[in-house]
Number of protein chains: 2
Amino acid sequence: MTDAMTDETVTQTQLTSHKPLSEEELAGIDAYWRAANYLSVGQIYLLDNPLLHEPLAPEHIKPRLLGHWGTTPGLNLIYAHMNRLIKQRDLDVIYITGPGHGGPGLVANAYLEGTYSQVYSHITEDEDGLRKLFRQFSFPGGVPSHVAPETPGSIHEGGELGYALVHGYGAIFDNPDLIALTVVGDGEAETGPLAASWHSNKFVDPRRDGAVLPVLHLNGYKIANPTLLARIPEKQLIALMEGYGHKPYIVAGDDPAEVHQAFAAALEQALDDIAQIQRAARSGATSEEPPAWPMIVLRTPKGWTGPKTVDGKQVEGSWRSHQVPLSGTRSDDAHRAELEKWLRSYKPEELFGPDGSLLPELAALAPAGNRRMSANPHANGGLLMRDLRLPDFRDYAVDVTDPATRSSEATKVMGAWLRDVMKANPDNFRLMGPDEVASNRLSPVFEVSDRAWNAERYEEDDHLDPGGQVMEVLSEHLCQGWLEGYNLTGRHGLFTCYEAFIHIIDAMFNQHAKWLKTTSEIPWRRPIPSLNYLLTSHVWRQDHNGFSHQDPGFIDHVVNKKAEVVRVYLPPDANTLLSVTDHCLRSRNYVNVVVAGKQPALNYLSMDEAIAHCTRGLGIWPWASNCEGEPDVVLACAGDIPTLETLAAVDLLRQHLPELKVRVINVVDLMRLQSESEHPHGLSDSEFDALFTKDKPVVFAYHGYPTLIHRLTYRRNNHSNIHVRGYKEEGTTTTPFDMVMLNDLDRFRLAMDVIDRVPALGSSRATLRQKLDDLRIQARAYTREHGEDVPEIANWSWPYSEADSDLGTDPGNDAPSGPDSKEQE
Amino acid sequence: MTDAMTDETVTQTQLTSHKPLSEEELAGIDAYWRAANYLSVGQIYLLDNPLLHEPLAPEHIKPRLLGHWGTTPGLNLIYAHMNRLIKQRDLDVIYITGPGHGGPGLVANAYLEGTYSQVYSHITEDEDGLRKLFRQFSFPGGVPSHVAPETPGSIHEGGELGYALVHGYGAIFDNPDLIALTVVGDGEAETGPLAASWHSNKFVDPRRDGAVLPVLHLNGYKIANPTLLARIPEKQLIALMEGYGHKPYIVAGDDPAEVHQAFAAALEQALDDIAQIQRAARSGATSEEPPAWPMIVLRTPKGWTGPKTVDGKQVEGSWRSHQVPLSGTRSDDAHRAELEKWLRSYKPEELFGPDGSLLPELAALAPAGNRRMSANPHANGGLLMRDLRLPDFRDYAVDVTDPATRSSEATKVMGAWLRDVMKANPDNFRLMGPDEVASNRLSPVFEVSDRAWNAERYEEDDHLDPGGQVMEVLSEHLCQGWLEGYNLTGRHGLFTCYEAFIHIIDAMFNQHAKWLKTTSEIPWRRPIPSLNYLLTSHVWRQDHNGFSHQDPGFIDHVVNKKAEVVRVYLPPDANTLLSVTDHCLRSRNYVNVVVAGKQPALNYLSMDEAIAHCTRGLGIWPWASNCEGEPDVVLACAGDIPTLETLAAVDLLRQHLPELKVRVINVVDLMRLQSESEHPHGLSDSEFDALFTKDKPVVFAYHGYPTLIHRLTYRRNNHSNIHVRGYKEEGTTTTPFDMVMLNDLDRFRLAMDVIDRVPALGSSRATLRQKLDDLRIQARAYTREHGEDVPEIANWSWPYSEADSDLGTDPGNDAPSGPDSKEQE
């Protein structure tokens, strides 16, 4: 640590010697804080008698005391102080509550600002409204205990911990005037995602982005344990924050007046720093090093201003204040008396008028209109959302005259379109990826945008710039969280990820899907852009990596969430990928999962056909089928590799069983398979029967775990005839065709499945079956010997074209190697 | 940053001025390093001509070049240097490779040490063995490109990045003499789990635990991007490491001789520090602050010693060396010549004798026997595994004379047994939890063990001590990773977690399940203790938290993995939980998922009955059924709340339809539902038919998402009659009974389901249905009005007992509140 750096650290002593608040300001801010604290305690405890106009009686107390007090007074303190400076400086600020279980505090502040009564008009600004406000909190039919979608001003529930900072950063990208005041709890700070999030500051461009102001709130305890960051030596804590590239301000204390002054000073200083960094960057000044953004450490007691001890045990300043400090207050007279004393310690009579409304001089301390953090439109992102300017994806189509004869890298084709999407929406679209944008063949985007990077750069670096629209960091958590924050504030994006490793954010997806489900039921919440995933480098092509990189289960995970918010697409080729992605970027309030390969693969559909096919979501491919009427067998497929193997199986069947009537169905929109009662996209039973027949065998080649197809179709008439092949958790170092063989998804096996299931094939069945099995065994032996697939298998294309006899594939269709085909580290 | 701290930092300059290696040592270590590098390049490129006895020809080159060179030379350097000091100091060290795609390096070192030829005897220590070693790497039928289970000495594949440090810490807990040399890649260092892992050092007790020596390897680049930690100012990097509580040593350079000296010095110093810290602690010395454990930053070029440029572009020291620096070497003569030059630059003729074996003077540089990192028994933990001393769980049984009449908190009952498990196995069992051990009612364990905590402690803290066996940190990633490391080195444990948030480690579970699946196919890998989860605070009892804390989908996630390694148990009460947990702690090589409630809930089975029931895995409960022969309807249940609601539904049916023949089946072992062809625990079809009938309606109340039951049973004869109720992603602030009503899993709905499905109930059907629906509507209205459930519903117990008329429940059966019933923050 250099001296220069040490000098920059403003210590607590320096801060408290400066007292920015006048006596009147101090009194005002303290009163406002007491009001918020009073309303917070009231929500946790009271059914009635909200202003204590009567002595507290058992019937005034809720029968079940549910909520969390410990973190709340700190959240309220930070809120009150930010209000002062929003007003003073006319700032545009949203408040992100890492410890979201401090819900009572944020509800209290939204109520004090009048926002709550605006969006929930039955919660009036009077005693009756207070009664309802208190009663509804964590009460059946009421509002959740967390800073959930129901809470005005929230984009972050803070239930599952760890995502406060990433959400803050996501919100301020391309919002140059926005400040995300982000409270990080010291419990949350122990999580992996939060620990990594601090480095987000290297991705902020002070010219085009706003600022995150992190407040690390050290109240010292979690549920039952102390917190790590509260118990390391302060010099270590400062080093850690400086190591993260921040300039920390420390405020610590338990005397409200002193903490008010110190925190006011720290907040002023931090906001000054932000303004200075932005001013310098926007004036065109260049600096050697990226800026050291300010952050504040606030060290105050857990459950501050609550009961100091209960039944002889310390509560304030200990883990015992985490939830409900005084229990049994309905039946226990002593505890109830303690509660009343606690509530009256905030002097509600000095805060609220006789009718129960906040005194005007206190109400005047809050900002007005959209400057209220509870009413900031960024926290209801749909209000600010602008449609994307989308270039016509049809202009990027690959030419397909004969199906399945020429190859493209689907994601690369899509990358060209994405490039122009980015170009047309320079401040309204971001592409996130964990170091895989180029590996996933989306490199055309670098023709118009660099990667966001505000740390040191060298000459050999590839497309780095502080102002890039592409965001790459080797953390799926950051990619996901940034994009969520960006979406929640009304902007659009796409997260491209290795399929296997998207499970890293399973839990974050859950929370976002729950958020979307809930917001769709809240009238004042406006629809936001969908969260879009492009999963590539998928299970079937892990040539460089093998078994540990194979997992197609994210789809299974996603379909557990509410049908109204989830969509899954498996476009088989480049043109369908274009069509699907265009659709996803136009959609709202969904989570769209698109799985598509990046390796050269056959093109099946012209753009017009692709649009029709994607619009249907699934359908018969007549050119691949050899019957117009009722087939003997249906071969269905979903996913690029399963589609390839299915068509090759059809080829085998045509060669060996030309009389067999085969229907080929390709599925792009997986949700079409479900009943219409289960998913809005679901086919009706009659539609399903028309496609899959009521009684013919169906051999279904599926990209992922086979059980999902059964799960989606078990209510269908023909379900007992559906035989599914997919991924079986078998894989190792192998070749593409060997990989599908290992999992019994290969053309030979599919053809054998058909033979096993079609009745009345006569005596030729056994002979043919063995012949196919021989071919299979030979293919395996060839691979083991040569280290690559049998060329006629690897280069297979559809041989039944009538128009064009050139069946060759692109030169790029060989196995990849070298630096141009990089995979996950 | 204080001056004292600054002084502690040993800078690069200081290090390089000290040159610990003699000329001879330097030459030896460099030769050993070159040998490892040569073998690494050989594995990536060569099919034949392994010692370059002939000029390199196209047929000597693999047709597909798959692997990663970039990180490998750094890994090899660290390995060679550690070898020197293992020999010199007789150290017990395992090598954990964060950048696991550097697999060629670890395979090379295992081969150089002779371990590879010991476990794979066909890979001999001669030219033919070298040929096979090279050929098999990332080749069909060969070995993976990562440090996978196939690699001797590995407990960490390093495919999905981020878990190197947690695995290292897990390995050294309770292994006082072990050092986990843990290489952290700078890509990996960007992940959340890794960022949080640094704080693991606060959980190490230098008296009873070994040490992790992290080497942060800054080679500067990921696949296409620079790495964050390589591009922040060095003073920030040092501050960061000091902030994490480490004492960093920096080694940087690109001249091998200089780096050898500097790294040798740093490694000596770091090992001295470790020895000093352990000596001091073990001599009983106390210190004010926890120790500052050493770590090393090694800054060397990516792809070091590889081609400097290729086709005019920088490769060494850039992202272009990540994978295969020279592509097309089979067909491109110039590239092949470059490759030959590169290979010959290591002077293989000075490293290997004419027969292809490593020269004896080089072989002598490696440690011998179990001191070889590739042969360290800790990395094949089953070799060292000791059975747990398990107290007889029957001694902890709750007394159940009449079923479903008295309540217990199942996890608390189990906690008493767990306490004695911990007591009997003080250095062979750890309990992990994200701050939820007490909240999950396992507090009896604190009677015998504290929580591991080696940071500041205060008087009001609850059971903290550096030597605790309970490990609590608010990071599911750390809990999971520590336990994996502990298991992989042959020790036992249990991870208790909120059910919803276990999804945070979905991806880590995947990797571990894949590891177990693979190891079971490797003869020399010995079985290790199972990875055990106790999921509680489950979806149905999120009274304090609501919707964001409800997710039963981990079970769905788990059953996608190989049936041989996954087990799922849903014990309905305290005695069954005891029986199941005992079983799990005795098992090997599985992942066991146990889901059980922590709230007071009815007891159903005496211990003898529980053992029989759990042994069966599922079965008819005769006392709850009213028929011995073929029933009219089967009510099945899995999970504690579904069991309660099912029994209450049976009560309603008995009251209103006494003539209806009802069979009640409870399922503990979910895998019993699957076909025997799908899972080793699966029932045969005849067994299934005998229980669930071939044609009677089955109303199945299930803990999680209903589709899973369909997925497990869709092949069963009676599947079309199985009607499942479970979690539907509906939930909000509510009461326990309101929660089940919201999801249609309540007793009234279940009884109505039966009525809807049993034919020939006559004209009473509609009347009875409406009556039940009325009761349901009344229950909801009561809850909305009073904030708690109808008492006769909340306090329901089984009314048909004959022995004991006391139907009361424990006083603890009330809704929880107050600090004793704390929930997730």
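Residues numbered from 1 in each chain as written. Chains lettered and ligands numbered in written order. Predicted model: local features only at pLDDT ≥ 70, side-chain atom pairs only at ≥ 80, totals over all residues. Heavy atoms only, no water.

(A) Here's a closer look at the overall build of chain A. Looking only at helices and strands, chain A features 27 helices and 22 strands. In terms of overall dimensions, chain A is globule-like: its C-alpha atoms have a radius of gyration of 31 Å, near the 28 Å expected for 825 residues. By its C-alpha atoms, chain A is 95 × 65 × 45 Å across when sized along the principal axes. Counting over 825 residues, chain A shows a buried share of 71%. Across chain A, the fraction of contacts at a sequence separation of at least 24, relative to all contacts at a separation of at least 6, is 78%. Side chains of chain A carry 76 positive and 114 negative charges; the gap between the two charge centres is 4 Å. (Helix = DSSP H or I, 4+ residues; strand = E, 2+ residues; numbered from the N terminus. Rg over C-alpha atoms; globule rule 2.2 N^0.38 Å. Buried < 20%, exposed > 50% of the residue type's maximum accessible area, 1.4 Å probe, protein only. Contact = heavy atoms within 4.5 Å. Lys, Arg positive; Asp, Glu negative; His and termini not counted. Charge placed at Lys NZ, Arg CZ, Asp CG, Glu CD.)

(B) Representation of unusual backbone geometry. Residues and elements named next belong to chain B. Positioned with a positive phi, Asn-589 is a non-glycine residue whose angle comes to about 65 degrees. Inspection of the secondary structure assignment puts Asn-589 in the loop between α19 (574-586) and β16 (591-595). Owing to a relative accessible area of 15%, Asn-589 belongs among the buried residues under this scheme. A positive phi angle is found at Thr-693, which is not glycine, with a value near 65 degrees. Turning to its location among the elements, Thr-693 is positioned in the loop between α22 (685-692) and β21 (698-702). Look at Thr-693 and you get buried, because its relative accessible area is 1%.

(C) Region of interest: the relation of the copies chain A and chain B. Here chain A sits on chain B after a turn of 180 degrees about the axis and a move of 0.0 Å along it, with an RMSD of 0.0 Å. These values place the two chain copies in the arrangement generated by a two-fold rotation axis. Ranked by how close their C-alpha atoms come to the rotation axis, the residues of chain A are headed by Gly-192 of chain A, at 2.0 Å. Comparing interface residues between copies, 100% of those in chain A also sit at the interface in chain B, which points to an isologous, same-surface contact. (Least-squares fit on C-alpha atoms with pLDDT ≥ 70 in both.)

(D) Representation of the packing of aromatic side chains in the model. Considering all chains together, one arrives at 52 aromatic pairs over all chains under this definition. Summarising the aromatic geometry, the rings of Tyr-604 of chain A and Trp-621 of chain A are spaced 5.4 Å apart at their centres and angled 40 degrees between planes, so their arrangement reads as tilted. You can see Tyr-604 of chain A sitting in the loop between β17 (600-602) and α20 (607-616) and its partner Trp-621 of chain A sitting in the loop between β18 (618-620) and β19 (633-638), a full 17 residues away along the chain. Exposure remark for Tyr-604 of chain A: the relative accessible area of 2% places this residue in the buried category. Feature note: the residues Tyr-604, Trp-621, Trp-623, Trp-796, Trp-798 and Tyr-800 of chain A constitute an aromatic cluster, connected by ring pairs. Lying over the aromatic face of Phe-547 of chain A, Lys-517 of chain B brings its terminal NZ or CZ to 5.0 Å of the ring centre. Lying across the ring of Tyr-590 of chain B, Arg-567 of chain B places its NZ or CZ 3.9 Å from the centre. (Phe/Tyr/Trp six-rings, centres within 6.5 Å; stacked < 30°, edge-to-face > 60°. Lys NZ or Arg CZ within 6 Å of the ring centre and 35° of its normal.)

(E) Spotlight on the pattern of salt bridges. Residues and elements named next belong to chain A. Under the criterion given, the structure shown has 117 salt bridges over all chains. Note that Arg-441 and Glu-409 form a salt bridge whose closest N and O atoms lie 2.9 Å from each other. Of the two residues, Arg-441 is situated in the loop between β9 (429-433) and β10 (451-452) and Glu-409 in strand β8 (residues 407-409); the sequence distance between them amounts to 32 residues. A relative accessible area of 8% places Arg-441 in the buried class. (Salt bridge = Lys/Arg side-chain N within 4 Å of Asp/Glu carboxyl O.)

(F) Expanded view of the sheet that holds strand β19 (residues 633-638) of chain B. Residue and element names in this part refer to chain B. An order of β18-β20-β19-β21-β22 is seen for the five strands of this open sheet, with the pairing classed as mixed. Across the chains shown, the open sheet's two edge strands, defined by having one partner strand only, are β18 (618-620) and β22 (722-725). Geometrically, the sheet is characterised by an average inter-axis angle of 20 degrees between neighbouring strands, direction not taken into account. Here five bridges tie β19 to strand β20 (residues 662-667), and the two strands are oriented parallel to one another. Residue Val-634 lies in a different strand from β20, and its bridge partner there is Arg-663. Docked against the sheet, helix α21 (residues 640-656) engages β19, β20 and β21, running at close to 155 degrees with respect to β19. (Pairing = 2+ DSSP bridges. Axes fitted to C-alpha atoms, helices over the stretch in contact; angles between N-to-C directions.)

(G) Structural context of empty space enclosed by the protein. By volume, the largest cavity is sized at about 120 Å³. Along its surface, the largest cavity is lined by 15 residues, and Gln-236 of chain A together with Lys-202, Pro-290, Pro-291 and Asn-454 of chain B are the ones closest to its centre. By residue class, the composition of the lining of the largest cavity is seven nonpolar, four polar and four charged. (1 Å grid on protein atoms, 1.4 Å probe; cavity = no way out; pocket = protein on both sides within 12 Å on 5 of 7 lines; lining within 4 Å. Points joined across faces, edges and corners; volume = space filled by probe spheres on them. Nonpolar A, V, L, I, M, F, W, Y, C, P; charged D, E, K, R; others polar.)

(H) Molecular detail of the sheet that holds strand β3 (residues 211-218) of chain A. All names here are of chain A. Ordered by their spatial adjacency, five strands build an open sheet running β1-β2-β3-β5-β4, and the pairing between neighbours is parallel. Looking at strand neighbours, the two that pair on one side only are β1 (92-97) and β4 (246-252), the edges of this open sheet. Averaged over all pairs of adjacent strands, the angle between strand axes in this sheet comes to 20 degrees, irrespective of strand direction. As defined by bridge partners, strand β2 (residues 178-185) adjoins β3 across seven bridges and the pair is classed as parallel. The residue of β3 that forms the bridge with Val-184 is Leu-216.

(I) Local environment of the interface of chain A and chain B. Contact with chain A, which involves 145 residues of that partner, is made by 145 residues of chain B. Surface buried jointly by chain A and chain B totals about 12,600 Å² across both partners, of which 55% is contributed by carbon and sulfur atoms. One can count 16 salt bridges joining chain A with chain B. In this structure, Arg-231 of chain A engages Asp-461 of chain B in a salt bridge whose closest nitrogen and oxygen atoms are separated by 2.7 Å. The tally of links between chain A and chain B comes to 65 residue pairs in polar contact (both at pLDDT 80 or more). Looking at the side of chain A that touches chain B, the elements that each hand over two or more residues are α1 (3-8), α9 (192-197), α10 (228-231), α11 (234-243), α17 (506-519), α18 (554-558), α23 (707-713) and α26 (764-786) of chain A. Taken together, the residues of the side of chain A that touches chain B break down into 48 nonpolar, 54 polar and 43 charged. (Buried area = accessible area lost by both parts, 1.4 Å probe. Polar contact = N/O pair within 3.5 Å; in protein donor to acceptor, adjacent residues only side chain to side chain.)

(J) Structural view of the side chain of Asn-425 of chain A. Here Asn-425 of chain A shows up in the loop between α15 (410-424) and β9. Residues contacting Asn-425 of chain A, with those up to four places away along its chain left out, are Asp-387, Leu-388, Arg-389 and Gln-469 of chain A.

(K) How the structure looks around the pairing of β19 of chain B. Residues and elements named next belong to chain B. With respect to burial, β19 is a largely interior element, six of its six residues being buried. Alternating residues of β19 divide into Val-633, Leu-635 and Cys-637 and Val-634, Ala-636 and Ala-638, and every residue in both groups is buried. As for the winding sense of the linkage, the β-α-β connection from β19 through α21 to β20 is right-handed. Bridge analysis of β19 against β21 gives five bridges, and the strand direction is parallel. For Ala-638, the partnering residue across the bridge sits in β21 and is Tyr-702. (Right-handed = clockwise from strand over helix to strand, strands pointing away.)

(L) Inspection of the packing of helix α3 (residues 23-45) of chain B against helix α12 (residues 256-282) of chain B at higher detail. Residue and element names in this part refer to chain B. α12 packs onto α3 with a crossing angle of 110 degrees between their chain directions and a minimal axis gap of 11 Å. The angle between the axes of α3 and α12 places the two elements in the roughly perpendicular class. Together, Leu-26, Ile-29, Asp-30 and Trp-33 of α3 and Pro-256, Ala-257, His-260 and Gln-261 of α12 make up the contact between the two elements. In the contact of α3 with α12, the residues fall into five nonpolar, two polar and one charged. (Parallel < 35°, antiparallel > 145°, perpendicular 65-115°, else oblique.)

(M) Quick look at the layout of surface pockets. Taken as a whole, the second largest pocket encloses approximately 1,300 Å³ of empty space. Lining of the second largest pocket is provided by 49 residues; of these, Glu-288, Glu-289, Pro-290, Ala-455 and Glu-456 of chain B occupy positions nearest its centre. Sorting the residues of the lining of the second largest pocket by element identifies α10 and α11 of chain A together with α1 (3-8), β4 (246-252) and α12 of chain B as the ones contributing at least two each. A total of five residues in the lining of the second largest pocket trace back to one element, the largest contributor, which is α12 of chain B. A per-class count over the lining of the second largest pocket returns 18 nonpolar, 13 polar and 18 charged.

(N) Structural context of helix α3 (residues 23-45) of chain A. Between its first and last C-alpha, α3 of chain A extends 33 Å over 23 residues, near the 33 Å set by a 1.5 Å rise per residue. In terms of residue burial, α3 of chain A counts as a mostly covered element, since 19 of its 23 residues are buried. (Expected span 1.5 Å × (residues − 1).)

(O) The arrangement of the nonpolar core in detail. In terms of nonpolar packing, the biggest core is built from 270 residues, with Leu-670 of chain A together with Leu-670 of chain B touching the most fellow members. Sequence-distant contacts of Leu-670 of chain B, that is, excluding residues within four places in its chain, are made with Ile-555, Val-568, Leu-570, Ala-638, Tyr-702, Leu-708, Ile-709 and Leu-712 of chain B. (Core = buried A, V, L, I, M, F, W, Y, C linked by side-chain atoms within 4.5 Å.)

(P) Looking closely at helix α11 (residues 234-243) of chain B. All names here are of chain B. Along α11, eight of the ten residues are buried, which leaves the element largely enclosed by surrounding structure. Of the positions making up α11, those classed as buried are Gln-236, Leu-237, Ile-238, Ala-239, Leu-240, Met-241, Glu-242 and Gly-243. Backbone geometry just after α11 places Gly-245 at a positive phi near 90 degrees.

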